[in-house]
Amino acid sequence: MRRLLPVCLGIAMAALACAAEARPLTDDGRLTFSGFGTLGLIHNNLGEADFTRDISQPKGAGEGWSARTDSLLGAQVGYRFTDELDTVVQGISRYHDSGDFSPEVSWAFLRYRPDPGLQLRVGRLGWDVYQLSDSRYVGYAYPWVRPPVDHFGTLQLTYIDGVDVTFKQPVGSDLVLLKLYAGRSKSDVFIGEGIETHFDVDKVYGGHVDYETGPWRFRLGYTEVKSDISFSGEVPDQLDQLLALNPYANLTADDVLGDAYGFDRLRLYSLGAVYDQGPLQLQAMWNRSKTSANGSVDSGFVSAGYRIDRVTPYVVYSQIETASDGEGGGEGDFKQKTYSLGARYDVTANMALKAQLDRVHVQRPGFLWRDIDSDWNGGWGSIFSLGLDFIF
Amino acid sequence: MNRVRRLLIASTLSITTVVSASAGADIAIVVNAGSGIDHLTRSEAVNIFMGRYRKLPTGNVALPIDSSSLKARFYRALVNKDLAEINSYWARLVFSGEASPPQQIASSEDVHQLVTQNMNALSYVDSAHVPDDMHVVLTLGE
């Protein structure tokens, strides 16, 4: 982190001096370079649990100040072969599953657009499972310091290696969009103390229908994720030792935990609505994820922001509730609600400063928190965040 | 009576002059005079410049061009947003690999050249200064 901060600061300063558009690197404008980043600072008042942005983060922001959770840097290179065919490669450095800021290739695809109504992409693509999910690390693109954690924090994947196709059809002055995608993926997520879950995704496929009318964009989406799941960490290690005492049962921790969680087949149903007219921005989303063990995760949020000159104050309400075996309130279930208040200040046309206060009501502690005290039953926590977002 | 009427007419005329003078400072979306495009609706213009659906009424792919000197006025008139909001909008689409913003051209001479040489190009000019070889497809009031 100490090494990353000066780099980020340097880029932020450079961004100040630059135009906000993707800059052409060649005279013919075929090769472009652009990027985005966030310098984030969090204050957590809870001594009992550490705050995370999403389940890919092995450690959270503990009591006091931390810069790890939200700080990130991304860069994109594009090359246009013809008006119909181009390629995009994008990398990102953020605190993620490897426990450090090691950069990864987030997208690398060929895009073919033979007609405004048809787009095909092949390669590594953003996982466009919810509205805004494939731009959730681009802080400059939204009013908040980070997208609502209760809703976006549970996403298992960031990218898919595969194909997608998008059809667009105008209907009067409205627009209907259908996107279908399929591919493979890999990810490591942290869902509890001492358990790391490895998703080896054989098949991820789905699609969504968007309807755009005036300032409104509505979305209905469905996705299925089929994976080989394995576990590592203290809990599966101890479980394996216990299971080894009875060799006749021929069971491993992967079998037992796999059956209990049912992550091998996930189905995600989502609804979203965005309203964007002049200074007013409204968002509402809802998702239900089902596991093969009949468990579910319900999450959603509503957000409203209103721009007054350079300042956009906003309010957000979000919630998440998990239910194992179809019933909530059981051992290991997670439930919380978050009330957020914040403001975005546009310093320049490519840099925004944000401040946000989250009042989190943890009704049953769970997998979005780290290093949870064993005797903690939840309660109210305050997370105060500062963010400096920039594009270049 | 006559005098009152003359005064009324005079004041009406002067109001009309004021109104038309401010209308002269509107923004005109322009295309190549030979493009065959008569006019665009506001939602078609929004679709093209905001990258939602870039098809011209002729069936060709639209090539929108942002003219740097008028860009702030244009997007204020088109979608009531300032440049920071427009950049924020494009950050989402560019960094999710979904769409690209219009080509950015700094000099108005270059904009003029691109539009008059390409049948599918469209840009915008101050409606008080529309060159003869460009055709206005939509005027946005400011």
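Residues numbered from 1 in each chain as written. Chains lettered and ligands numbered in written order. Predicted model: local features only at pLDDT ≥ 70, side-chain atom pairs only at ≥ 80, totals over all residues.

Q: How should the sheet that holds strand S3 (residues 103-105) of chain B be read in this particular structure?
A: Pairing between sheet strands relies on hydrogen bonds along the backbone, with the strands arranged either parallel or antiparallel. All names here are of chain B. The mixed open sheet is built from 5 strands, whose spatial order is S3-S2-S4-S1-S5. At either end of the open sheet lies a strand with only one pairing partner, and these are S3 and strand S5 (134-140). In this sheet, neighbouring strand axes are inclined to one another by 35° on average, regardless of whether the strands run parallel or antiparallel. Summarising the sheet, strand S2 (residues 63-67) and S3 pair through 3 bridges and their orientation is parallel. Looking at the pairing, Ser67 lines up with Ile105 of S3. (Pairing = 2+ DSSP bridges. Helix = DSSP H or I, 4+ residues; strand = E, 2+ residues; numbered from the N terminus. Axes fitted to C-alpha atoms, helices over the stretch in contact; angles between N-to-C directions.)

Q: Sorry, what's going on with the environment of Gly194(A) here?
A: Residue and element names in this part refer to chain A. The topology assignment puts Gly194 in the loop between strand S10 (174-192) and strand S11 (195-213). It is 43 Å that separates the C-alpha atoms of Gly194 and Thr32, two residues lying 162 residues apart in sequence. Those residues in contact with Gly194, other than ones at most four positions away along the chain, are Gly233, Glu234 and Val235. (Contact = placed C-beta atoms within 7 Å.)

Q: How should I be thinking about the interface of chain A and chain B in this particular structure?
A: Interface extent is often summarised as the accessible area lost during association of the parts. In this assembly, 31 residues from chain A lie in contact with 23 residues from chain B. Those elements that provide at least two residues to the side of chain A that touches chain B are strand S2 (31-44), strand S5 (72-80), strand S6 (85-94), strand S7 (104-115) and strand S9 (159-171) of chain A.

Q: How do you make sense of unusual backbone geometry when you look at a structure like this?
A: Glycine aside, a negative phi is what most residues show, and trans is what most peptide bonds show. All names here are of chain A. Positioned with a positive phi, Asp309 is a non-glycine residue whose angle comes to about 55°. For Asp309, a count of 9 C-beta atoms within 10 Å gives the class exposed. Despite not being glycine, Asp371 has its phi angle at roughly 50°, a positive value. Within the secondary structure layout, Asp371 lies in the loop between strand S20 (369-370) and strand S21 (379-391). The exposure class assigned to Asp371 is exposed, which follows from the 11 C-beta atoms found within 10 Å. (Buried ≥ 20, exposed ≤ 12 C-beta atoms within 10 Å, placed from the backbone.)

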